Every structure is written in structure tokens, then in C-alpha cells.
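Spelled out from the first residue to the last, the chains are:
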Amino acid sequence: MKKLLLIFSAALLLITGCAKKETADTTATEPTPTETTVSSGDQKVVLYTSRHYDTDQALFDAFKEKTGITVEVKQGDAKALLEEIEQGGEDLDADLFYTADAGKLAQAKEKGLFQTIGSDVVKSNVPEIYRDNDDMWTALTMRARIIVYSLENVDPAQLSTYEDLANEKWKGKIVTRPSSHVYNQSLVASFIEVNGLEETKEWAKGLVSNFAREPKGNDRDQVKAVAANEADIAIVNSYYIGKMITSDKPEEKEAVAKVGVFFPNQETTGTHVNVSGAGILKSSKNKENAVKLLEFLSSVEAQEQFSSANFEFPVNPNVEVKNELLKSWGEFKKQGINLSILGENNKKAQEIMDEVGWK
Amino acid sequence: MRLDGNSTQVLFLLMKKYSIIHIIGIVALILTCIPIIYLLLQAFRPTETVLSNQLLIAYIRNTIIMILVVGFSAGFLGLTLAWIISFYDFPFRRFFKVVLALPLAIPPYIAAVSYSDFMYVNGLFPRLLGTFGITKHFDIMNIHGAIFIYSITLYPYVYIACLSFFKYTSASFVENARVLKANWVKLFSKVGVPLARLPLVAGLTLVIMELVSDFGVIDYYGVQGFSTGIYKIWHNYSDFYGAIRLSAILLCIIFAVVYIESFLRRRLRYFTTSKSKSIKLIRVKNARYLLIYFTLTLIITFIIPLIQLVYNGIYAYEKIWNIKLLQVTLNTVYYTSIASFICVGISFVIANYVKGKKGIFAKTISKLATMGYSIPGVLVGLSVMFTFFDVDKLLVPLYRFIGIKQKVLVLSTSVFVFMFAYVVRFMAVSFNNINAGYKKINPNLFRASATLKQSTSQTFWRVDFPLMLPTLLMSFLLVFLEILKELPITLMLKPYKLETLTGFVHTYTHNEQYSEASIYSLVIILLGIITVSLIMLFREKKYVKS
Amino acid sequence: MLSLKNISFYYNKNQMILQDINLEVKQGELIAILGSSGSGKSTLLNLVAGLEKVSVGQILLDQKDITDVVCEKRNIGMIFQDYALFPHLTVEKNVGFALKSYKDPIVDAMLKLVKMESFKKRYPYELSGGEKQRVAIARSLAAQPKVLLLDEPFSNLDADLRYKVRKEVKEILTQANITSIMVTHDIDDAYDIADRIVFLKQGRIDRIEEVKATKL
């Protein structure tokens, strides 16, 4: 019996040992909401994010340097994080939700998880079209979903719009990733807004019938498939091109050298863009700090980082893009829709993709 | 927590009737089942979305195909390799015995990514072919590829189960058959296969449970399986409860299969003779083909993914190879060890409680407790988390009483729940192993201890524990391996400051930075190799049961 | 000193395993329970030891009702058919298992009684069947039970050894002056060493016979 107790308590000690450290940290740094004067000592802000970039962490470090506020990051799948935030409610120790899809942000707003940001700095940093109508979230970076084509087989003069990709002339020539991925869902969701439900369905049907293979892999795999002549055209996100060009791996550099980049719908409705953005959670216990973080991330300084290190487009119009690649792409016409629509149409988009057999 | 006279009395009676160790066992058992029951209950919530039947049928069809083919190939590989190593003598036998279990160290998802890289355009394999003047590449990102990946990464479950079974049982069978001059084909098909039914089923159960709960491989390879459906309903239709319902259906099917199987097995009798001195191995005269088979298996299942990872890793080597990597590795070993220890401890008290019970209740509920292994990890994590959200809300008065102010989510954000989620997820691995260990011990020993005036708890420490120690260590290693490779639960429930190896693999693969991810994967695999080698080199004490 | 009153045992009522067993065992007596396999004789031992619970009836030990007392508190020892020696413990630790320490003088005394002093440091797997048997007896006796139960104690020994061991066991039991119940299916075992023989048939006592013949 004694032994049992001994081992049990030893185990308990071990567990609580590491637990205690944790709770001690949090209680020490948790200011009561009424305390507004801040001695920037051990301040913190808890960020739930589905983004996983080293560059983000570098920005958080810079933020800490500047303000003394530690950003505690909880990474995870966006959906899982949202479930946790929803179920945990007010009691949860979470201040911000940061994710790479406007649709998800809109969903979080719809579920009532956000509170208004109320920062004039953010408002002046980020143009209105990249912010939520009710000031519940703001975009921080932007990426375009573009067409990549085989330099060997495709004359860019043949390319025009996303809509054109449903044309029979591309039969067996297009690749993209599965419909399970949010980038494609938001693409289709934006089409429902721009072209209407029926037309979008027709388009998706045509697109799927032009697939060179069953959708699989990630965006880089699509580029590789075009480079390998398995297809002529791929629909991918813009920043992956930048990453492949600067990749350490010779295979990736070789692959991306064989493809060209095309921004579709320039003459018509504009290229589909999606954003990464964040909102302050209702459960936030460090709202001031959360606001500060958003102000920092939308500032010129941070926005430059996003574009130069991660090949994302800044949303702050005052930022001069220095990145050579982004510069070479130049200005382009973007889809002018309200990004909240992506969330509203997500389900319909999914239904369409299921119906037309976009796997 | 005030108790009135009545409940004190009840408690007292309970203590009198059951020993402490049994009470701990019951509590642990029920605790483990709660998240699973929670999951099953959520399935009855009304939900709007229904996947079209057509889609659902496709998912089920693909999953069944994968189960059947992977079951067959993993079973075949595992059984034949274990059979040959257990009864035949040939060069490098002991070397192969260990290394053939090593693929267990590679997480299936990582194997999937490496292999498609290896075979595709510009990959190492096409380039190798190129040097012979052949221009050809292979796209394995499809259901065949998925089947291949699952087979090569999961077969060691069968292999290890068969090896340890053969070690104990079948010498007399095999020797008799040999005296009758059966040739090796006959020996294998007429003796080996029927004899190995028990470990074959045990190993395959794990293979299938892991297969149906995996999402990483089939998502990457674009295969539409049952777990695709679960994720689709949740991620694309935002219907969490619909996803839970789907996985509850899956759970019920697996549960039914496991239950029926154990029911059928009850009728079978196994003659577990004590090990006859040492089995005389059959000398293989011409081992060439055997060695080719073994070497090929080793290369395909282990060396190739490893080479690809090393190749990828070279590019990020300088960036990642620093003191931080060491720190993350030590962190990982630390939390994984504690979690494995807890998992094994809980499984042990539960197995101890269940062992003497004839009733259907204990058996059923212990089967239920192992079901976490067939649920996608992210759902296990969430249901554990949500269960403890509710528990926390109930315990608020207690928290205030002991002086925790304001905070409500005390338990659910604690390390306790982090560790406990692993228990729920990996109970099948440790419990089944420990349970099998118990079956090898003469039950009269426990009864003898009782007639020698030892209480159940005393018996637990003086008989169960020392006799089970080898099994416990083995279970510890097996669970360690699982937790080492685990991702969703770790990501979801770990304390914010804890940096883990799988966390970095996730970050970098999510970001499609495979070179960086490869380094962390290699460290995981290295730790895995150490663990697997310990498992394989593990020698049981030499006393033989009386 | 040990009385069984109207003992019945069943898993379900249609299948009685033991029915209406009444038996009085006197101090120092050795009773053999003789029956074919399936007659319920081993079950009867388990009931007395407390390893199974009686369905109906009472067990009294020194006039005290022990029907609901758990096995470890009954003070009844048992020798198992397979001896059930703990494989991870040496002979002396096996014998001292019920005691606070294996260094207790009782251990030596018991080992001496069964003539196994020189085997102290051996492990069970190093012993022959007869030696294991003796260690098992020593281990049970060291716990100083009021009654000793023996389940088919000689069935694992071959014929010539059996005769010898039987005598040894009887001798030890007599020396220890302990009340014993032995279960066997071998009529020679029973006649050779028992004081009384209980014939068990299909879960009922068929008859009880005194053994008057001079033994040894």
C-alpha cells in the first residue's frame, strides 16, 4: 500500500510540477480587466492561430521587443481552435483568433465569438474593404489564387479568366488540390457572389471535367505536376511560387522555372484574393494588448515583413513592396467583393463541389 | 465535497467490499470511458447536414478496400517475417529480427510524403532510373499508394505480436510437425497460420484501428475514405456534431467487430505450453532467397523513406541543427515519458480490475475504453477537452473553496487533461498488451496469494507487479512510440510553452517546408528507432512459470 | 471445528454444481473428498477457501460464521494442483510470503519440516515436482492456517514418486497437526492417507466412509 501511495504521489508531483509552473505564470501575468495602467513588465496576449510561419513568430518577437508584451501562441487547425473557443466561452484564456481564410473569420463572427476592435490605428492602416463591416476582424495579409501554366505547352495569350478554364479546350489539362481545402472552397464561394449559383455550378462542372487527375496533394505538388507535363495548368496560391523560387531544394527551383504565372480575370471581375486576418475574442482578458498587437501587425513595419519574407501582399496601402518577385508581378485587379461573403457562401460552395464531383 | 453520514457509510461499505486498487481501477475505467460515451451521446444531437449517400458509399467502399488489402498485406508480411525468424536459422537473423520492426518508428504521414517525393518527377528514384537511361516516374498519390504506405508502416504491429507469441507457445507444435517431415510451405500454412490466429488478430486490430482513424495519408494522397467524410462534414459543412455522429457510427462498427471477434475466440483453446528449453531452429540450407526477401522488405519499408528524409534534411540542416533542437527533443522525451507512464499505470489497474471479472459489464466497458484508438485524434482531443469543460463548470464551487479565484477552466487547461487525452487515445495499445500479459500468468498465483492472507492490493504489489514488470515496460515503450508520433492531441492540449517535435513537423509541413520538417521527423524517427530497438532487444527474465 | 451447512453452489439455478453439502470436520482430521471430474469437488474447496462465494448455506470455522469473510481473512490455507509457487521468488521468499519477513524463524522451521533447508536460495523452476510440492506445503503452513486445503496434490507426479510423496505429505501434516481437506480423484490416495473419505457424486455427498485400516 505504501509503495502504491509513493508511486502515485511521485507521479502526481511530476505532473503538478510542470502544471504549477504553468499556472504560476498565467496568474502572475494576468491583469484584471480594470487595471488599465500598464507597467510593461510581464504583459501577455494569447493568440489562437492556424498560421504556422516562422515569419509570424519573428514578428511576435519584434512586438515583444517593442512593447514588452509576450504573445502566447496556440497553433492548431482553424476548425479545432474555433470549436475550443466556442465551447470554452468566456472562461477560456484566449484573446485573438488569427487565421488564413476570410471565410473562417466570417464564421467566427457569425457565431458571435468576436468583439469590436475599436482601434483608429487599425482603421487607418487597413482599407475598409479588408475589414469586417462591424469592425469584428481585420485582414492583415493578402494572397491571390492564380493560374500557373506550363511554359512549354501553353501560350499565355490563350489564358484569360477562371471561367475560361471550364472550356473544353483544357480537357485533361488542369490540376488543383482537393475540395477539402479552404483555398478552393473560398474560390468557389467568391464565384457564387460574382457569377451566381447556377453559373458557378456549371463552371465547376466544366472545370472538374477538365481535370488531368484526381485532386490531391498540396499547392506545391500542383506546380510540380505542371512542371512534369502531367498537366498544363494549375490553380495555386501566389506565395507558394515565391517560396519555391527561393527554396533550398534544387528540384523545387527546377520545377518552378518551368512554369509561368498568370493573374486571371484582369479584364473582367478581378483575380480572387483571400486574406489572413484576426479578430479579438469575446473571452479576451487582455483586450488592450490584443488591440496593440493588431495595430502592430497592420503597421508599415510589420506589413513589410509579411511581403518580403513570406511573399504575401500587404493590406496596408502605405507599404511599398520591396520584394522583387511581388514587384515583378506588379499591380493587379482584385475581386472587389466583400470578403465576409466567403464565409456566408462556404457551405453552398461545398455543396456545389460535392455535386459536381470535385474530390 | 462534504459527505453526509449516509454517503460516508456507503463509501465505507464500498471500501470494505472492494480493495483500494480495485476502486482505482473502476474509477480509471469509467473516467476513460466518459469522453468516448460523450462522443457517442453527441451523435444523437440533431444536425442538418447529411452527406449524399453516393459520397458516403464511396467513402465506405474505399475504407473497406483499404482495410481488406492492408489487412492482408500487413498480415502476410508480419506473419511470414515473424514465422521465419522464430523458427529458422540463417545469417543475420538477429539483425533482421530487430530492424524489421523499425518502420514502426515512421509516422505514416511522413512516410507518405517522403515516398511520393521519392517516386515523382525529379525524385531520387526516377533519377536513379535515369542513370540507366530509363525516363520514367511514378505517381503514387492514389488509393494504391495509400494502401502501400499503410502496409509498410503498420505491418510491424503484426510482426511484433507474432514474434512474442511464437516465443512462448508453439515449439511443440512445430517440432511435431517437423518430425512428420512437413515441408516449409505445409509447415507454414498448416501450422503457422492457424497457430498465429491470436497474435494475428491482435496485431491486425491495431492496424485497422490506426488505419480508420488516420486522415493525414489519405488527405495528402487524395483518397476518399471514411475519415475524409468525418473531416468534410466538420470542416466544409461546419457541422461538428455531424462529424461526431459519423465517427460514432465508425466506432460502433469497430466495437461490434472487436466484440464479436473476442466472443468467437472464447471458444478457441490455446495450448500455452511453457517454453520448452529452447527451440531448435531449422537451418536454412540456401538462404539466398530468404535474404533477398528480408533485405527488400527492409529497404522498401524503412531505408527508402529514411534516405528521402535525410536527403530533404540536408538543405535545412544548418538552419535547424542547433541547441534548440536538442531542447525540443529533451522536452519531447520528458512529456512523452510521463504520459506513457500514466497511460501504462492506468491500463494496469484497469486490467487488474478486469482480470478476475467474469461478468459481461467489466469486459464490455473495458472494450469501450480502448475505442479511442479508432477515433481520429482530433476528435478524441476535443471530446476530452469538452468533457473537462463541463467537469470544470461543475467544480467551480470547489475551486473557489480551495482559493482559486476567477479561473473556471482549471482542470481542462491543466497538464492533467493533456496527459489524460493520451490515455483515452492509446488505451488500446497498453491495455491490450497488459491484458495479454496477464493471460500468460498462472491465475492460481493470485489465488494462492489470497490464501496466504494477502489483500488484493498487497497481491497487486507483490505478485501482479513484479510478474508483469516486463510486460509493463514493453507497454511503456509501445505507448511511448505512439505518443511520440501523435500530433492533434499534442497540438491541442499541450501547455503553451511546451515545444514538441511533432509540433514543428506540423508547422513546417503545413507551411510546405519539407526540408525543415524532415529534420524534426528524423529526430522523431531516431527516438523511435531507439524505442523499437529496446522493444526488440528486451529480454524477459529467465524464470519460467511454474 | 469446520462445518459446512446446507451448502449449494450454482451459476444459474438450473445448473446446480453443488447441492446440500453438510460436513463436520474435526480438529486434526484429514478428510479426502473423492469424486470424478465434474463432481464439484474442486469447487467445494474454492468455497471453503473463499475463492468463490456460496450461493446458499453457511460455513462455520470454530463456531464463527465465515461465509462472507473474504479469502485473505479466513485463515484457511490451500495447496494448488500446480503448486502455484511464485516464479519470481526464491524458495525461502515463497515460504515467507505470508509473513512480515522471509527471515522469520518460521520459514526455517517450515523448510526443516519439509526437508528443504538446502534449497532456500533456489527458484521454483530449478525444482522437481516433488520438491515444489513440499515448498508449497511449507508456504501454506507458514501462514499458520487453521485448515489446509489440498487440491489434487499428487496428480502431477508419476506413479512411483506419488507413493513416496503421499507418505511424506501425510507425515508432515500429522506433525503439524493440522486439519486438512484433500480433493482427489484417485481412490488409492484417499484410502492411503485420509481419516475419512467423502464420496462426491454429481454435486451431492453420496456417502462418507471412515478409514479404519492401519496406515503407514
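Residues numbered from 1 in each chain as written. Chains lettered and ligands numbered in written order. Predicted model: local features only at pLDDT ≥ 70, side-chain atom pairs only at ≥ 80, totals over all residues. Heavy atoms only, no water.

### Some thoughts on the overall build of chain C
For step 1, the next point in the chain: Check the secondary structure of chain C and you find six helices and ten strands.
For step 2, the next point in the chain: Relative to a compact globule of 216 residues, whose C-alpha radius of gyration would be 17 Å, chain C shows 17 Å and is just as compact.
For step 3, the next point in the chain: Its C-alpha atoms give chain C principal-axis dimensions of about 50 × 35 × 30 Å.
For step 4, the next point in the chain: With 216 residues in all, chain C has 55% of them scored as buried.
For step 5, the next point in the chain: Expressed as a percentage of contacts within chain C between residues at least 6 apart in sequence, the contacts between residues at least 24 apart total 67%.
For step 6, the next point in the chain: Accessible surface computed for chain C: about 9,900 Å², of which carbon and sulfur atoms make up 47%.
For step 7, the next point in the chain: Both charge centroids of chain C, one from 31 positive and one from 29 negative side chains, sit 3 Å from each other. (Helix = DSSP H or I, 4+ residues; strand = E, 2+ residues; numbered from the N terminus. Rg over C-alpha atoms; globule rule 2.2 N^0.38 Å. Buried < 20%, exposed > 50% of the residue type's maximum accessible area, 1.4 Å probe, protein only. Contact = heavy atoms within 4.5 Å. Areas by Shrake-Rupley, 256 points an atom, 1.4 Å probe, with all protein chains shown as cover. Lys, Arg positive; Asp, Glu negative; His and termini not counted. Charge placed at Lys NZ, Arg CZ, Asp CG, Glu CD.)

### A few points about the sheet that holds strand S10 (residues 204-210) of chain C
Residue and element names in this part refer to chain C.
For step 1, the next point in the chain: Taken in spatial order, the six strands make up an open sheet running S6-S7-S8-S3-S9-S10, and their pairing is mixed. Among the strands making up the open sheet, the edge pair consists of strand S6 (76-79) and S10. On average, adjacent strands in this sheet sit at an angle of 20° to one another, irrespective of strand direction.
For step 2, the next point in the chain: With five bridges connecting them, strand S7 (residues 147-151) and strand S8 (residues 179-184) associate as parallel partners. Paired with leucine 150 across the strands is methionine 182, a residue of S8.
For step 3, the next point in the chain: Each of S6 and S7 is contacted by helix H4 (residues 129-142), which is oriented at about 170° to S6, the strand it contacts most. (Pairing = 2+ DSSP bridges. Axes fitted to C-alpha atoms, helices over the stretch in contact; angles between N-to-C directions.)

### Notes on the interface of chain B and chain C
For step 1, the next point in the chain: The interface of chain B with chain C comprises 23 residues on the first partner and 24 residues on the second.
For step 2, the next point in the chain: Buried surface at the junction of chain B and chain C, both sides included, amounts to about 2,300 Å², of which 64% is carbon and sulfur.
For step 3, the next point in the chain: Three residues stand out in chain B for area buried against chain C, namely Thr451, Leu452 and Lys453 of chain B, and they jointly supply 28% of the buried area on that side.
For step 4, the next point in the chain: Across the chain B-chain C interface, the total number found is zero salt bridges.
For step 5, the next point in the chain: Our count for the chain B to chain C interface comes out at six residue pairs in polar contact (both at pLDDT 80 or more).
For step 6, the next point in the chain: Sorting the residues of the side of chain B that touches chain C by element identifies helix H20 (444-451) and helix H21 (456-485) of chain B as the ones contributing at least two each.
For step 7, the next point in the chain: Here the side of chain B that touches chain C is built from residues that sort into nine nonpolar, eight polar and six charged. (Buried area = accessible area lost by both parts, 1.4 Å probe. Salt bridge = Lys/Arg side-chain N within 4 Å of Asp/Glu carboxyl O. Polar contact = N/O pair within 3.5 Å; in protein donor to acceptor, adjacent residues only side chain to side chain. Nonpolar A, V, L, I, M, F, W, Y, C, P; charged D, E, K, R; others polar.)

### Thoughts on the nonpolar core
When a protein is soluble and globular, its nonpolar side chains tend to lie buried together.
For step 1, the next point in the chain: Core analysis: the biggest nonpolar cluster contains 329 residues, and Phe97 of chain A, Phe90, Tyr159, Phe166 and Tyr221 of chain B together with Leu2 of chain C have the highest contact counts within it.
For step 2, the next point in the chain: With 16 residues, helix H19 (residues 415-439) of chain B is the largest single contributor of residues to this core.
For step 3, the next point in the chain: Of all hydrophobic cores here, the second largest spans 39 residues; its members include Ile79, Val107, Leu111 and Met116 of chain C. (Core = buried A, V, L, I, M, F, W, Y, C linked by side-chain atoms within 4.5 Å.)

### Some remarks on the pattern of salt bridges
For step 1, the next point in the chain: Per the stated rule, a full pass over the model turns up 36 salt bridges over all chains.
For step 2, the next point in the chain: Taking the shortest distance from any N to any O, the salt bridge between lysine 224 of chain A and aspartate 117 of chain B comes out at 3.4 Å. With lysine 224 of chain A in helix H8 (residues 219-227) and aspartate 117 of chain B in helix H5 (residues 108-119), this residue pair bridges two chains. Side by side, lysine 224 of chain A and aspartate 117 of chain B carry an identical accessibility label, which is buried.
For step 3, the next point in the chain: Here arginine 196 of chain C ties to glutamate 29 of chain C by a salt bridge, and the two come within 2.5 Å at their closest N and O atoms.

### Here we look at the environment of asparagine 62 of chain B
Residue and element names in this part refer to chain B.
For step 1, the next point in the chain: Its place among the elements puts asparagine 62 in helix H3 (residues 53-87).
For step 2, the next point in the chain: C-alpha separation for the pair asparagine 62 and asparagine 183, spaced 121 residues apart in sequence, amounts to 38 Å.
For step 3, the next point in the chain: Among all residues touching asparagine 62, those that are not within four sequence positions of it are Ile143, Gln224 and Gly225.
For step 4, the next point in the chain: Only 2.8 Å separates the side chain of asparagine 62 from the backbone oxygen of glutamine 224, close enough to count as a polar contact.

### Some words on the environment of valine 463 of chain B
For step 1, the next point in the chain: With respect to the secondary-structure elements, valine 463 of chain B resides in helix H21.
For step 2, the next point in the chain: Spatially, the C-alpha atom of valine 463 of chain B lies 7.5 Å from that of leucine 445 of chain B, the residues being 18 residues apart in sequence.
For step 3, the next point in the chain: Discounting residues that sit within four places of it in the chain, valine 463 of chain B has contacts with Leu445, Phe446, Ser449 and Gln458 of chain B together with Phe86, His88 and Phe97 of chain C.

### Some remarks on the packing of aromatic side chains
In this description, an aromatic ring pair is defined by two values, namely the gap between the centres and the angle between the planes.
For step 1, the next point in the chain: Summed over the entire model, instances satisfying the criterion amount to 54 aromatic pairs over all chains.
For step 2, the next point in the chain: Between phenylalanine 313 of chain A and phenylalanine 332 of chain A, the aromatic rings sit 5.3 Å apart at their centres with planes inclined by 55°, giving tilted as the arrangement. Taken together, the positions of phenylalanine 313 of chain A in strand S10 (residues 313-314) and phenylalanine 332 of chain A in the loop between helix H13 (324-329) and helix H14 (340-344) put the pair 19 residues apart, joining distant regions of the chain.
For step 3, the next point in the chain: Taking the centre distance of 6.0 Å and the plane angle of 20° together, the rings of tyrosine 508 of chain B and tyrosine 520 of chain B count as stacked. Placement of the pair is tyrosine 508 of chain B in helix H23 (residues 501-510) and tyrosine 520 of chain B in helix H24 (residues 514-537), with a sequence separation of twelve residues.
For step 4, the next point in the chain: A relative accessible area of 6% places tyrosine 508 of chain B in the buried class.
For step 5, the next point in the chain: Grouping aromatic residues by their ring pairs yields a cluster made of Phe215, Tyr231, Trp234, Phe240, Tyr241, Phe386 and Phe389 of chain B.
For step 6, the next point in the chain: Sitting over the face of the ring of phenylalanine 97 of chain C, arginine 462 of chain B holds its NZ or CZ atom 3.9 Å from the ring centroid.
For step 7, the next point in the chain: The lysine or arginine in question, arginine 139 of chain C, covers the ring of phenylalanine 86 of chain C, its NZ or CZ lying 4.8 Å from the ring centre. (Phe/Tyr/Trp six-rings, centres within 6.5 Å; stacked < 30°, edge-to-face > 60°. Lys NZ or Arg CZ within 6 Å of the ring centre and 35° of its normal.)

### What about helix H6 (residues 124-131) of chain B?
All names here are of chain B.
For step 1, the next point in the chain: Considered for burial, the residues of H6 that qualify are Leu124, Pro126 and Leu129.
For step 2, the next point in the chain: Turning to H6, the residues buried within the fold contact H5 and helix H14 (288-314).
For step 3, the next point in the chain: Backbone geometry just after H6 places glycine 133 at a positive phi near 85°.

### Examining the environment of phenylalanine 416 of chain B
All names here are of chain B.
For step 1, the next point in the chain: In this structure, phenylalanine 416 sits in helix H19.
For step 2, the next point in the chain: The class of phenylalanine 416 is partly exposed, set by a relative accessible area of 31%.
For step 3, the next point in the chain: Between the C-alpha atom of phenylalanine 416 and that of valine 113, which follows or precedes it by 303 residues, the distance is 33 Å.

### Some points on the interface of chain A and chain B
For step 1, the next point in the chain: Between chain A and chain B, the contact holds 67 residues from the first and 66 residues from the second.
For step 2, the next point in the chain: Roughly 5,800 Å² of surface becomes buried between chain A and chain B when both sides are summed, with 54% attributable to carbon and sulfur atoms.
For step 3, the next point in the chain: For the chain A face of the interface with chain B, the top three residues by lost area are His52, Gln87 and Lys249 of chain A, together amounting to 10%.
For step 4, the next point in the chain: Connecting chain A to chain B are four salt bridges.
For step 5, the next point in the chain: Between aspartate 139 of chain B and arginine 213 of chain A there is a salt bridge, with its nearest N and O atoms 3.8 Å apart.
For step 6, the next point in the chain: On the surface where chain A and chain B come into contact, there are 13 residue pairs in polar contact (both at pLDDT 80 or more).
For step 7, the next point in the chain: At the level of secondary structure, the elements contributing two or more residues to the side of chain A that touches chain B comprise helix H1 (2-29), strand S2 (69-75), helix H3 (78-88), H8, helix H9 (238-245), helix H10 (250-257) and helix H15 (346-355) of chain A.
For step 8, the next point in the chain: A per-class count over the side of chain A that touches chain B returns 20 nonpolar, 18 polar and 29 charged.

### What to know about the domain arrangement of chain C
Residue and element names in this part refer to chain C.
For step 1, the next point in the chain: Under the domain assignment, chain C is made up of domain 1 (1-69 + 146-153 + 168-215) and domain 2 (76-144).
For step 2, the next point in the chain: Look at where the C-alpha atoms of domain 1 and domain 2 centre, and you get two points 24 Å apart.
For step 3, the next point in the chain: At the interface, 22 residues of domain 1 touch 16 residues of domain 2.
For step 4, the next point in the chain: The three residues of domain 1 that bury the most area against domain 2 are Leu148, Asp151 and Ile172, which together make up 31% of that side's buried surface. (Domains from an automatic or database assignment.)

### Digging into H3 of chain A
Turn by turn, an α-helix covers 3.6 residues, leaving residues three or four places apart pointing in a common direction.
For step 1, the next point in the chain: Extensive coverage of H3 of chain A is indicated by the burial of nine of its eleven residues.
For step 2, the next point in the chain: At the exit of H3 of chain A stands glycine 89 of chain A, carrying a positive phi of roughly 60°.

### Notes on the confidence of the model for chain C
For step 1, the next point in the chain: Taken residue by residue, chain C gives an average pLDDT of 87. The fraction at 70 or more is 98%.
For step 2, the next point in the chain: Confidence metrics for the complex model read pTM 0.82 and ipTM 0.91. (pLDDT = per-residue confidence, 0-100.)

### What to know about the packing of H8 of chain A against H9 of chain A
Residue and element names in this part refer to chain A.
For step 1, the next point in the chain: Relative orientation of the contacting elements H8 and H9 amounts to 70°, with a least axis distance of 10 Å. By the angle class used here, H8 and H9 are roughly perpendicular. The hand of the H8/H9 crossing is right-handed. Contacts between H8 and H9 involve Asp219, Arg220, Val223 and Lys224 from the first element and Tyr240, Ile241, Lys243 and Met244 from the second.
For step 2, the next point in the chain: Broken down by class, the residue content of the contact of H8 with H9 amounts to four nonpolar, no polar and four charged. (Parallel < 35°, antiparallel > 145°, perpendicular 65-115°, else oblique. Left-handed = near helix turned anticlockwise from the far one by under 90°.)

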